[in-house]
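In case you want the letters, here they are:
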Amino acid sequence: MEQQLDYAAVRAAADRIAGGIRPVTVAPAAEGVWYALEHLQHTGSFKARGALNFLAAHHRAGTLPAAGVTIASGGNAGLACAWAARARSVPATVFLPANAPRVKVERLRGYGAQVRLVGDRYAEALAACQEFAAGTGALSSHAYDHPLIAAGAGTLLDEIRTALPGLDTVVVAVGGGGLFAGVATAAREHGVRVIAAEPENCRALNAALAAGRPVDVAVDSVAADSLGATRVSADALAAAREADVESVLVPDTAISAARRALWEEHRLVVETGAAAALAALRGAPRPPGERVAVILCGANTDPGDLVTPGS
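What you are looking at is a predicted structure, and each value in this text was computed from that prediction instead of being measured.

1. Examining the overall build of the protein
1) Next: Broken down by element type, the protein carries twelve helices and ten strands.
2) Next: Over its C-alpha trace the protein gives a radius of gyration of 18 Å, about what one expects of a compact globule, namely 19 Å for 311 residues.
3) Next: When its C-alpha atoms are laid out on the principal axes, the protein stretches across 55 × 50 × 40 Å.
4) Next: Split into buried and exposed, the 311 residues of the protein put 53% on the buried side.
5) Next: Sequence-distant contacts, at least 24 apart, represent 71% of the contacts inside the protein between residues at least 6 apart.
6) Next: As presented, the protein carries roughly 13000 Å² of accessible surface, and 49% of it is formed by carbon and sulfur atoms.
7) Next: Distance between charge centroids for the protein: 5 Å, based on 27 positive and 30 negative side chains.

Okay, structure coming up:
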């Protein structure tokens, strides 16, 4: 099955996943700023879009094997894959390190996934996943580096434009680049500017732009659990070069402050990684009359550090 990331792929993804995902709610936040509440999506993150598109595309093409789908991820991508597989009545096998939090393991099992605990590092789980796919014929998915995954995520941009006519700028947090690549591809089609927000010490896209190619980066941030990719996808780098994109790095202190502000001012609980998008916008100068949407992309977090005792 031919796969490439362009706006036609995003539109095709929108057709495949229609009725299967929750259309994003866009809420006013401040003058000229709106929040795209994608953290309310199925499984608690935007990842549901790409996972559902990936499986739906293979189902329509007749390339979905009886062995089902497999992925190595103990985070949002694994949850989304398991959820999408259950929606399609497809077996899902998720590999993650043996030291993964029990709550994630139980949630994956709650979606009906077969959970395999391997080693103590993601790389070991990934190697086991690849071996499983080769031995069983299961379809191997990826957390972000796949055109179908990115195209599914890109459907978010058109939904935001529908809810917010005249959108000028969208702010998106970047990890491995799946969400960014899809959103930037759709944004380019409509002349929408993209601000790509990354923690200062999780800067895979920023480093790739500087080097002219994807490169490995060190990962050390409060948002590393969701934005801690060591290398950005080639599709994300290509989208950053072709679209009107501004790469912005934000310190951990600003990310944590933005996350707390979302709770204290709006009672919104989001992942630290999701707050990176708001952190990139706060305090930055904006043209008069600019209409900006900040994507709040995930909510799989422990809110305990946001709520003080007695509050």
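There is more to say, and it comes next.
2. Here's the deal with the pairing of strand S3 (residues 69-72)
1) Next: Both faces of S3 are covered, namely the face carrying Val69 and Ile71 and the face carrying Thr70 and Ala72.
2) Next: Two strands pair when backbone bridges link them, and S3 and strand S4 (residues 92-96) are joined in this way by four bridges, in the parallel orientation. Along S4, the bridge assignment pairs Val69 with Ala92.
3) Next: Judged from the two bridges that link them, S3 and strand S6 (residues 139-140) form a sheet pairing that is parallel. Counterpart to Thr70 in the pairing with S6 is Ser140.

3. Description of the environment of Trp263
1) Next: Of note, Trp263 is situated in helix H11 (residues 252-266).
2) Next: What makes Trp263 buried here is its relative accessible area of 18%.
3) Next: Taking the C-alpha atoms as reference points, Trp263 and Val248, separated by 15 residues in sequence, lie 23 Å from one another.

4. Quick notes on the sheet that holds strand S5 (residues 114-117)
1) Next: Here four strands make up an open sheet; going across it, the order is S5-S4-S3-S6 and the pairing parallel. The sheet terminates laterally at S5 and S6, the two strands that pair on one side only.
2) Next: Across four bridges, S4 lies against S5 in parallel orientation. Each bridged residue has a counterpart across the sheet, and for Phe95 the counterpart in S5 is Arg116.
3) Next: Running at roughly 170 degrees to S3, helix H3 (residues 76-87) makes contact with S3 and S4 of the sheet.
4) Next: Sheet strands touched by helix H5 (residues 122-136): S3, S4, S5 and S6. Its angle to S3, the strand with the most contacts, is close to 160 degrees.

5. Digging into the packing of helix H1 (residues 7-17) against helix H2 (residues 47-61)
1) Next: The N-to-C vectors of H1 and H2 enclose an angle of 85 degrees; their axes lie 9 Å apart at closest approach. Here H1 is positioned roughly perpendicular relative to H2, judged by the angle of their axes. Here H1 contributes Ala13, Asp15, Arg16 and Ile17 to the contact with H2, which in turn contributes Arg49, Leu52, Asn53, Ala56, Ala57 and Arg60.
2) Next: Along the lines of polarity and charge, the residues of the contact of H1 with H2 split into five nonpolar, one polar and four charged.

Cut-offs used in this document
- Residues numbered from 1 in each chain as written.
- Predicted model: local features only at pLDDT ≥ 70, side-chain atom pairs only at ≥ 80, totals over all residues.
- Heavy atoms only, no water.
- Helix = DSSP H or I, 4+ residues; strand = E, 2+ residues; numbered from the N terminus.
- Rg over C-alpha atoms; globule rule 2.2 N^0.38 Å.
- Buried < 20%, exposed > 50% of the residue type's maximum accessible area, 1.4 Å probe, protein only.
- Contact = heavy atoms within 4.5 Å.
- Areas by Shrake-Rupley, 256 points an atom, 1.4 Å probe, with all protein chains shown as cover.
- Lys, Arg positive; Asp, Glu negative; His and termini not counted.
- Charge placed at Lys NZ, Arg CZ, Asp CG, Glu CD.
- Pairing = 2+ DSSP bridges.
- Axes fitted to C-alpha atoms, helices over the stretch in contact; angles between N-to-C directions.
- Parallel < 35°, antiparallel > 145°, perpendicular 65-115°, else oblique.
- Nonpolar A, V, L, I, M, F, W, Y, C, P; charged D, E, K, R; others polar.

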